[in-house]
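What follows is the residue order along each chain.
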Amino acid sequence: MHQEFQLILTPEEAASEELFRKKVAEKAELNITRISLIRILRKSIDARSALPKINIGVEVFWDEKPPEKYEVHAGYTFTGNKPPVIVVGAGPAGLFAAMKLLTLGLKPILIDRGKDARTRKQDIAQLNRNKEINPESNYCFGEGGAGTFSDGKLYTRSKKKGNVQQILETFYFHGANENILYEAHPHIGSDNLPLIVENMRKTIISHGGEVHFGKKLTELLIEDDRIKGCRTEDGSVFEADALILATGHSAHDVFGMLHRQGIELESKGFAMGVRVEHSQELIDSIQYHSRKRNKFLPSAAYSLVEQVNGRGVYSFCMCPGGHIVPAGTSPESIVVNGMSASKRNSPYANSGIVVEIQPEDVPAEFQQYGVLAGLKFQQYVETLAYRNNGGKGFAAPAQRLNDFVKGRLSADLPDCSYLPGIISSPLHFWLPEIISSRLKEAFVKFDRKMRGYLTNDAVILGVESRSSSPLRIPRDPESLQHIRIKGLFPSGEGSGYSGGITSSAIDGENSALKVAEYFKGINN
Ligand SMILES: Cc1cc2nc3c(=O)[nH]c(=O)nc-3n(C[C@H](O)[C@H](O)[C@H](O)COP(=O)(O)OP(=O)(O)OC[C@H]3O[C@@H](n4cnc5c(N)ncnc54)[C@H](O)[C@@H]3O)c2cc1C
């Protein structure tokens, strides 16, 4: 027999296996020994009052053999002898596209410019030691894409609930903790992601697919407006009637390649700003309304948004208990982003704070680049950050938060999680006015929502420039193919139609489904 119900528990009751079982038994009016399985369906924190509560939806089974705790129907089939589909980019969009192809009887040939996740770790360690950057293997490029050494937050604004659950189940199937299936804000953590993406690669290979690292796409092979394959920098040629292009929005060279090949692109709105870091203790005290966080509660997160002068200014990829990381892809630019390990236990809380930029906001001197204007402006701001770091490699230019708002250079800087180091710099002075003026006003407004947020103990680092793509590769909304080139399926964040791990993964799966429909069409 089984029954579903809702419990409201204290953080301690929710954290202790024993207390939790007791509460479930009490609510179900059962002797605890009769319970054969408790399946958590939903879990969220209500921190509106000084005594936070945990809301948990459970399904309890008793007096019978229970089902599997969490069932996943992966449905992968062997595709070694099936029609090939090239997938370029092993980020969330490409990986999930490749795995979906396995369920559709199509053979994925997945190629990526970077290295496998394990080898990639060594290049990332070099970068964090403020040594050189490998332009092909860094926080953005390589197995798992920008998702591997990311924060691994899996929540999305996507309303397609069924699709989201399928993505979470695939992560779980490949080794993620079961809690991602029911937490309101699922999070994997950068310590667990590399192994999970490696397991995904094993699934692809064991089901007849191919995975090639160190293969940088440099040319699409097109005949009569139809995809025939692609060429990589080392001269290799891959042939197929369909190609899923999932190279992410950091692959600026891919946008250049498409432009050179005369393939239509469109400019779109994007966002740039800074990453702000507070002590986690301060954020906990604001969000949990108490001086000290209850030890059974997780590090607190926040989400902020304001309109300033007709444009949105908002927090992006907030990482409680996390670290700021160098997320650029080329030597003479500084890009920052954030990540956290599964326990979220560093003493720092960081978040991107970015300003919406519409194509018409891009300064006049960049408009000569036409559709690439936003991309050139983004590159310029990343280079500005590099020029303002005192020539210290990947050290980030930084300023105390209140000094930034008041327009003062910081005489010194607080401790910061960013490993390559930070250098005091007047960001208020050199950041483009359309960004700095809005950021200043937004920080004042944020402080009204979170009292104590605007403090000189917090520090901002430049620049957070890769939160979204300044370009879109236009595609037909029904077939998801490029508007002109048949068999070309732009997918994921680089296509301009998704943002974040989960929505990119969903987009990748959808592209695979549309490839299967396309193959049916050309074979009939
Ligand atoms: C530090 C950090 C933290 C983040 N934290 C989160 C988070 O917590 N939650 C969240 O939802 N999102 C987060 N993101 C964003 C998230 O990682 C991206 O939105 C997501 O990875 C986009 O997926 P994608 O597959 O479209 O592209 P990408 O992940 O960018 O993958 C693109 C892939 O294409 C490959 N590639 C590029 N060019 C070529 C080429 N020419 N030839 C062959 N291969 C190529 C790259 O090597 C890469 O593997 C974070 C990003 C970073 C950098």
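Predicted, not measured: the structure shown is a model, and the values here were computed from it.

Student: Describe empty space enclosed by the protein, and please don't skip the residues or the numbers.
Tutor: According to the stated counting rule, one finds 2 cavities of 30 Å³ or more in the structure shown. Computed from the structure, the largest cavity encloses a volume of approximately 70 Å³. Forming the walls of the largest cavity are Gly-91, Pro-92, Leu-95, Phe-96, Gly-144, Gly-147, Thr-148, Phe-171, Leu-193, Val-197, Met-200 and Ile-501. Secondary structure elements with two or more residues in the lining of the largest cavity: helix H3 (92-103) and helix H6 (193-206). The residue inventory of the lining of the largest cavity, partitioned by class, reads 8 nonpolar, 4 polar and no charged. When its volume is computed, the second largest cavity comes out at roughly 30 Å³. Together, Leu-127, Ile-133, Pro-326, Ala-327, Gly-328, Ser-333, Ile-334, Val-335, Phe-394 and Tyr-418 line the second largest cavity. Partitioning the lining of the second largest cavity into residue classes produces 8 nonpolar, 2 polar and no charged.

Student: I'd like a rundown of helix H8 (residues 280-287), residues and numbers included.
Tutor: Listed as buried for H8 are Gln-280, Ile-283, Asp-284 and Ile-286. The arc enclosing the buried residues of H8, seen along the axis, measures out at 165°, which places them on a common side. In this structure, the buried side of H8 is in contact with strand S12 (270-279) and strand S17 (348-357). In the stretch just after H8, His-289 is the one whose phi turns positive, near 55°.

Student: Can you break down the nonpolar core residue by residue, with the values?
Tutor: If you look at the biggest cluster of nonpolar residues, it comprises 121 residues, and the most contacted ones within it are Phe-171, Leu-439, Phe-443 and Tyr-453. Setting aside its immediate chain neighbours within four residues, Phe-443 contacts Val-274, Ile-353, Leu-401, Phe-404, Val-405, Tyr-453, Leu-454 and Ile-460.

Student: Residue-level account of helix H7 (residues 252-260), with values.
Tutor: Listed in full, the buried residues belonging to H7 are His-252, Val-254, Phe-255, Gly-256, Met-257 and Leu-258. Looking at the packing, one finds that the buried side of H7 touches strand S7 (217-223), strand S10 (243-245), helix H9 (373-387) and strand S21 (471-472). Directly after H7, the chain includes Gly-262, whose backbone phi takes a positive value near 75°.

Student: Just give me the short version of the sheet that holds S10, but keep the residues and values in it.
Tutor: Ordered in space as S6-S5-S4-S10-S22, the 5 strands form an open sheet in which the pairing is parallel. For this open sheet the edge positions go to strand S6 (210-212) and strand S22 (488-490), each flanked by a neighbour on one side alone. Within this sheet the neighbouring strands show an average axis-to-axis angle of 15°, counted without direction. Note: strand S4 (residues 84-88) against strand S5 (residues 107-111), 5 bridges, orientation parallel. When the bridges of S5 are listed, Pro-84 appears paired with Lys-107. Strands S4, S5 and S10 of the sheet are contacted by H3, whose axis makes an angle of about 160° with S5.

Cut-offs applied
- Residues numbered from 1 in each chain as written.
- Predicted model: local features only at pLDDT ≥ 70, side-chain atom pairs only at ≥ 80, totals over all residues.
- Heavy atoms only, no water.
- 1 Å grid on protein atoms, 1.4 Å probe; cavity = no way out; pocket = protein on both sides within 12 Å on 5 of 7 lines; lining within 4 Å.
- Points joined across faces, edges and corners; volume = space filled by probe spheres on them.
- Helix = DSSP H or I, 4+ residues; strand = E, 2+ residues; numbered from the N terminus.
- Nonpolar A, V, L, I, M, F, W, Y, C, P; charged D, E, K, R; others polar.
- Buried < 20%, exposed > 50% of the residue type's maximum accessible area, 1.4 Å probe, protein only.
- Arc of directions from axis to C-beta.
- Contact = heavy atoms within 4.5 Å.
- Core = buried A, V, L, I, M, F, W, Y, C linked by side-chain atoms within 4.5 Å.
- Pairing = 2+ DSSP bridges.
- Axes fitted to C-alpha atoms, helices over the stretch in contact; angles between N-to-C directions.

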